Amino acid sequence: MAAGKRLAAACGGWLVFEDEAGFSMTPPRARTWGRRGHTPVIRVRGRSRRRTSVAALCCYKPGEPSRLIHRPRNHLLLKGARKSFSWQDYRDLLVRAHIQLGGPIVVVWDNLNTHLAAGLKRYEAEHDWLTTVRLPAYAPDLNPVEAVWSLVRRATANTAFDTPEDLDRKLRRELRRIQLRPHLIDGCLTATGLAINPPTPP
């Protein structure tokens, strides 16, 4: 049954890579220009009681423009509060991707405990359009979404965010910029050394 699902999805579906990243008010640091002997200093509001998580999907299918689908979620940094996506959040994101892409999907992701939740496995077993495949352990270099995070962090480096809303707007703008440029999404796949070839006819 599982092999049949994989074959059906691979023959007419999308190959989808998933990953989640967290962003805070403290921006990543990067090199910049400055007068010799005068290090540029920008004061930022690095402490905030909120953290923004983003789950993203890089979607590939031979003959189709590559797609980026993402969903942000804000978390309060309180004791005992959840600081990442739940399995229900991942389920809803995959449903959204299935609707937008209009076909079966094979999801490739890491061995995060949430990805292995019983509820998510049960949902996969009940829906023929969904197949999940796990990456090898400690292999982020095989996930093109990692390159998406690199692009986003490069765009937000050395930025002084005044409020959490400023951070959210910047993240949405950068992710939208990548969405509108399929060649960037293709480049993220190229960076992994992987290639997607069209299936050979029987």
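The following refers to the structure shown. (Residues numbered from 1 in each chain as written. Predicted model: local features only at pLDDT ≥ 70, side-chain atom pairs only at ≥ 80, totals over all residues. Heavy atoms only, no water.)

Here we look at helix H4 (residues 145-156)
The condition is simple: The numbering of helices and of strands both runs from the N terminus, where a helix is a DSSP run of H or I of at least 4 residues and a strand a run of E of at least 2. An expected span of 1.5 Å times one less than the residue number is assigned to each helix. Working definition: with a 1.4 Å probe on protein chains only, accessible area under 20% of the residue-type maximum means buried, over 50% means exposed, and in between means partly exposed. As used here, the arc belongs to the directions running from the helix axis to the C-beta atoms.
The terminal C-alpha atoms of H4 lie 17 Å apart, and with 12 residues this matches the ideal 16 Å at 1.5 Å per residue to within 8%. All of the buried residues in H4 are Val145, Val148, Trp149, Leu151, Val152 and Thr156. Each buried residue of H4 sits inside an arc of 160 degrees when the element is viewed along its axis, so together they form one side. Backbone geometry just downstream of H4 places Asn158 in the positive-phi region, at approximately 60 degrees.

Remarks on the pairing of strand E4 (residues 105-109)
Counted only if it meets this: In this scheme, strands are said to pair when DSSP sees at least two bridges between them. Looking down the strands as they point away from the viewer, one classifies a crossover as right-handed if the path from the first strand across the helix to the second runs clockwise.
Counting buried residues in E4 gives 5 out of 5 residues, a clear majority hidden from the surface. Of the two faces of E4, the one carrying Ile105, Val107 and Trp109 and the one carrying Val106 and Val108 are both buried. Note: strand E1 (residues 14-23) against E4, 4 bridges, orientation parallel. Residue pairing in the sheet places Phe17 in a bridge with Val108 of E4. Handedness of the crossover joining E4 and strand E5 (residues 130-134) through helix H3 (residues 118-126): right-handed.

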